[in-house]
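Summary of structural features
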Amino acid sequence: MNINEIKRQLQLLAGLISMLLLTACEWHYDNRTKLEQIRDSGVLRVGTLNNQLSYYIGFDGPTGFDFELATRFADSLGVKLEMQPAYTLSDLFPTLERGDVDIIAASLTITENRMEHFRPGPAYYFVSQQLVYKNGHWRPRNLTELNKDGARIAVVEGSSHAITLENIQHEFQDLTWDSIKDTDDDELLKKVADGQLDFTIADSVEIALIQRTHPTITVAIELAEDEPVAWFMKKSQDDSVYALMIEFFGEQNQSGKLAALAEKYFGHVDSFDFVDTRAFLRAINSKLPNWEPLFKKYADEFDWRLLAALSYQESHWDPLAVSPTGVRGMMMLTLPTAQSMGVTNRLNPEHSIRGGAQYLRKMMNRVPDSIHEHERIWFALASYNIGFGHMMDARHLTKAQGGNPDAWVDVKQRLPLLANRQYYMQTRYGYARGYEAKNYVENIRRYYQSIIGHEQNKGMVIHSEEADNANDWQTIKVTRKQTTVDKTAIIINAVITE
């Protein structure tokens with residue numbers, strides 16, 4: 001071997017040694033717990049679904065049942081929250097497997113398949129699986145009729161609903177259905193409402209919410225009941241985050257905060273009136289555009305859609321409405337209330353809306369500070385209907401009966417007692433039609449939800465060329481007092497809310 005060959009071999013050896021040394025320097029074993037990693041990064045990354053239950057962009061920014069819970073959990077860990085919402089279930093769990101997110105919070109049920117691959121947290125509410133069809137179409141009497149006359153049933157691929165059909169097929173072997181990957185429950189429910197699909201399966205809470213915008217969706221058969229809903233983590237021997245999650249949900253449950261949050265998001269959907277909802281949706285299209293500018297003009301700190309919902313409850317958006325008791329106009333003001341608000345003509349739409357907004361603001365200012373900011377509006381609306389004194393009477397009855405006078409879920413149960421002699425004799429202001437006040441507030445909440453859903457449906461019409469400019473993921477970084485949205489999120493939000 002000549003000297004040049006020796007030099008070349010030595011250079012190759014030196015290069016190999018350098019590469020090995022460099023690799024060794026870059027590689028290191030991370031022995032930190034998952035909790036330590038999250039706290040060191042200062043961020044809790046949460047995967048979720050972009051829908052009206054778990055997460056969506058609302059009037060004041062990001063909102064949703066799971067979003068609020070995740071915000072509280074991040075606060076309890078002392079870190080910021082980073083939401084990573086997906087539009088389809090098929091995109092969600094792979095992000096957890098890859099380590100792109102720390103947990104999934106998307107109101108998903110616990111199934112055997114999910115437990116096999118992931119670790120569920122504690123159940124925080126329960127749902128039923130229900131088969132739905134379009135009102136007016138034929139209704140299946142039992143499971144043998146699901147494919148009658150070529151009827152088509154479709155569910156989201158990999159969902160708990162697909163698993164339910166697989167279990168049913170063990171008994172009804174001829175049962176067939178479509179499992180669709182790139183879709184979600186909302187899209188399939190809307191196809192049923194539009195007559196493009198005969199049947200689908202969805203969770204009871206989701207069905208109750210979507211009926212506010214698609215009232216023709218009707219429950220045919222309940223397939224499974226009391227299924228637990230939970231968050232999910234990767235399977236691991238590391239219990240550091242899981243242990244704090246258990247503690248977190250325990251505290252939320254025992255303190256009543258979890259019940260109050262559930263009341264906020266779906267406490268108003270227990271009852272459903274098909275005729276009323278359909279009439280309201282027609283009014284949204286035919287009447288609301290005429291008055292929307294005025295609601296926006298005088299809403300100020302209120303969401304204008306809430307003010308519109310209040311007005312519909314009062315007058316069905318009829319500026320000339322008059323009741324036998326003498327209240328009149330868009331906001332159905334009494335004469336003394338109108339005079340105190342400076343309204344000289346109650347049948348003038350602008351004067352009425354301005355006066356109604358001003359009076360609601362007055363009621364809001366009188367609601368005790370001990371009531372949570374998210375629930376103050378329901379107490380104010382009850383006061384708008386039956387008077388502030390009667391609302392306070394209902395709070396006193398609630399406290400006397402061991403309930404929480406600052407929780408709407410407890411107080412609304414006592415409002416009807418104001419019409420019962422046994423109870424109103426214990427109050428300062430006496431008899432009141434409290435049952436009407438309860439229905440009044442709950443109706444407004446349902447109308448409000450319908451307007452929000454209607455706005456979202458309009459915004460979800462995404463042109464294909466716009467969709468090509470944004471992927472399925474958006475990252476929302478949330479602090480306690482500020483929300484920042486990255487460039488991808490801005491693109492998607494612009495498409496959704498136009």
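To be clear, the structure that these remarks concern was listed above.
Quick notes on the overall build of the chain
Across its full length, the chain holds 22 helices and 13 strands. The buried share of the chain, taken over its 498 residues, is 51%. Intrachain contacts of the chain at a sequence separation of at least 6 include 68% that bridge at least 24 residues. Entry remark: accessible area of the chain is about 24600 Å², with carbon and sulfur atoms responsible for 49%.

Some words on the packing of helix α2 (residues 34-41) against helix α9 (residues 240-254)
For the pair α2 and α9, interaxial distance at closest approach is 6 Å and the crossing angle is 85°. Relative to α9, α2 is oriented roughly perpendicular. Facing α2, whose interface residues are Lys-34, Leu-35, Ile-38 and Arg-39, α9 presents Ser-240, Val-241 and Leu-244. Tallied by class, the residues present in the contact of α2 with α9 amount to 4 nonpolar, 1 polar and 2 charged.

Description of the packing of aromatic side chains
Inspection of every chain in the model, using the stated rule, returns 23 aromatic pairs. Plain terms: the ring middles of Phe-65 and Tyr-125 are 5.7 Å apart, the flat faces sit at 70° to each other, and that makes the pair edge-to-face. Taken together, the residues span a long stretch of sequence, with Phe-65 in helix α3 (residues 65-77) and Tyr-125 in strand β7 (residues 125-134) at a distance of 60 residues. Per residue, the accessibility class of Phe-65 equals that of Tyr-125, and both read buried. Residues Tyr-124 and Tyr-125 carry aromatic rings whose centres are separated by 5.4 Å and whose planes lie at 80° to one another, so their mutual orientation is edge-to-face. Residue classification places Tyr-124 among the buried residues on the basis of a relative accessible area of 8%. Through pairs of rings, three or more aromatic residues link up here, namely Phe-65, Phe-73, Tyr-124, Tyr-125, Trp-231, Phe-248, Phe-249 and Tyr-265. Lying across the ring of Tyr-242, Arg-119 places its NZ or CZ 3.8 Å from the centre.

Focus: the nonpolar core
Grouped together as the largest cluster of nonpolar side chains are 62 residues, with contacts concentrated most on Phe-295, Leu-307, Leu-310, Trp-317, Leu-360 and Leu-381. For Leu-310, the residues in contact, after removing those within four places along its chain, are Met-331, Leu-360, Leu-381, Tyr-384, Tyr-440 and Ile-444. If you look at the next biggest cluster of nonpolar residues, it comprises 36 residues, including Leu-44, Leu-53, Leu-81 and Met-245.

Some thoughts on the pattern of salt bridges
Under the criterion given, the structure shown has 21 salt bridges. The closest approach of N and O atoms between Asp-300 and Arg-361, which form a salt bridge, is 3.4 Å. Taken together, the positions of Asp-300 in the loop between α12 (288-299) and α13 (304-315) and Arg-361 in helix α15 (residues 349-366) put the pair 61 residues apart, joining distant regions of the chain. Here Arg-433 ties to Glu-436 by a salt bridge, and the two come within 3.0 Å at their closest N and O atoms. Residue classification places Arg-433 among the partly exposed positions, given a relative accessible area of 43%. In this structure Glu-436 comes out as partly exposed when scored by relative accessible area, which is 37%. Counted as one network, the salt bridges with shared partners bring together Glu-263, Lys-412, Glu-442 and Arg-445.

Description of helix α16 (residues 376-386)
Counted residue by residue, α16 has 10 buried out of 11 residues, so it is predominantly covered. All of the buried residues along α16 are Arg-376, Ile-377, Trp-378, Phe-379, Ala-380, Leu-381, Ala-382, Ser-383, Tyr-384 and Ile-386.

Examining the packing of α3 against α9
Contact geometry of α3 with α9 gives a least axis separation of 11 Å together with a crossing angle of 120°. In terms of axis orientation, α3 runs oblique to α9. For α3 against α9, the interelement crossing comes out right-handed. Contacts from Leu-69, Arg-72, Phe-73, Ser-76 and Leu-77 in α3 reach Val-241, Leu-244, Met-245, Phe-248, Phe-249 and Gln-252 in α9. A per-class count over the contact of α3 with α9 returns 8 nonpolar, 2 polar and 1 charged.

Focus: the pairing of strand β5 (residues 103-109)
Along β5, 7 of the 7 residues are buried, which leaves the element largely enclosed by surrounding structure. The two faces of β5 match: Ile-103, Ala-105, Ser-107 and Thr-109 on one face and Ile-104, Ala-106 and Leu-108 on the other face are all buried. The pairing of strand β1 (residues 43-49) with β5 spans 2 bridges and is parallel. Residue pairing across strands places Gly-47 opposite Ile-104, the latter belonging to β5. Relative to strand β11 (residues 217-234), β5 runs antiparallel, the two sharing 3 bridges. Note on β11: the bridge partner recorded for Thr-109 is Val-229.

Thoughts on unusual backbone geometry
Its identity as a non-glycine residue notwithstanding, Ser-107 has a phi of 55°, on the positive side. In this fold, Ser-107 is placed in strand β5.

Details of the environment of Val-46
Among the structural elements, Val-46 can be located in strand β1. Val-46 gets classed as buried once you look at its relative accessible area, which sits at 0%. Between the alpha carbons of Val-46 and Asp-66 there is a distance of 9.8 Å; along the sequence they are 20 residues apart. Sequence-distant contacts of Val-46, defined by excluding residues within four places in its chain, comprise Ala-70, Leu-81, Glu-82, Met-83, Gln-84, Val-101, Ile-103 and Ala-105.

Here is what the cut-offs are and how they apply
Residues numbered from 1 in each chain as written. Predicted model: local features only at pLDDT ≥ 70, side-chain atom pairs only at ≥ 80, totals over all residues. Heavy atoms only, no water. Helix = DSSP H or I, 4+ residues; strand = E, 2+ residues; numbered from the N terminus. Buried < 20%, exposed > 50% of the residue type's maximum accessible area, 1.4 Å probe, protein only. Contact = heavy atoms within 4.5 Å. Areas by Shrake-Rupley, 256 points an atom, 1.4 Å probe, with all protein chains shown as cover. Axes fitted to C-alpha atoms, helices over the stretch in contact; angles between N-to-C directions. Parallel < 35°, antiparallel > 145°, perpendicular 65-115°, else oblique. Nonpolar A, V, L, I, M, F, W, Y, C, P; charged D, E, K, R; others polar. Phe/Tyr/Trp six-rings, centres within 6.5 Å; stacked < 30°, edge-to-face > 60°. Lys NZ or Arg CZ within 6 Å of the ring centre and 35° of its normal. Core = buried A, V, L, I, M, F, W, Y, C linked by side-chain atoms within 4.5 Å. Salt bridge = Lys/Arg side-chain N within 4 Å of Asp/Glu carboxyl O. Left-handed = near helix turned anticlockwise from the far one by under 90°. Pairing = 2+ DSSP bridges.

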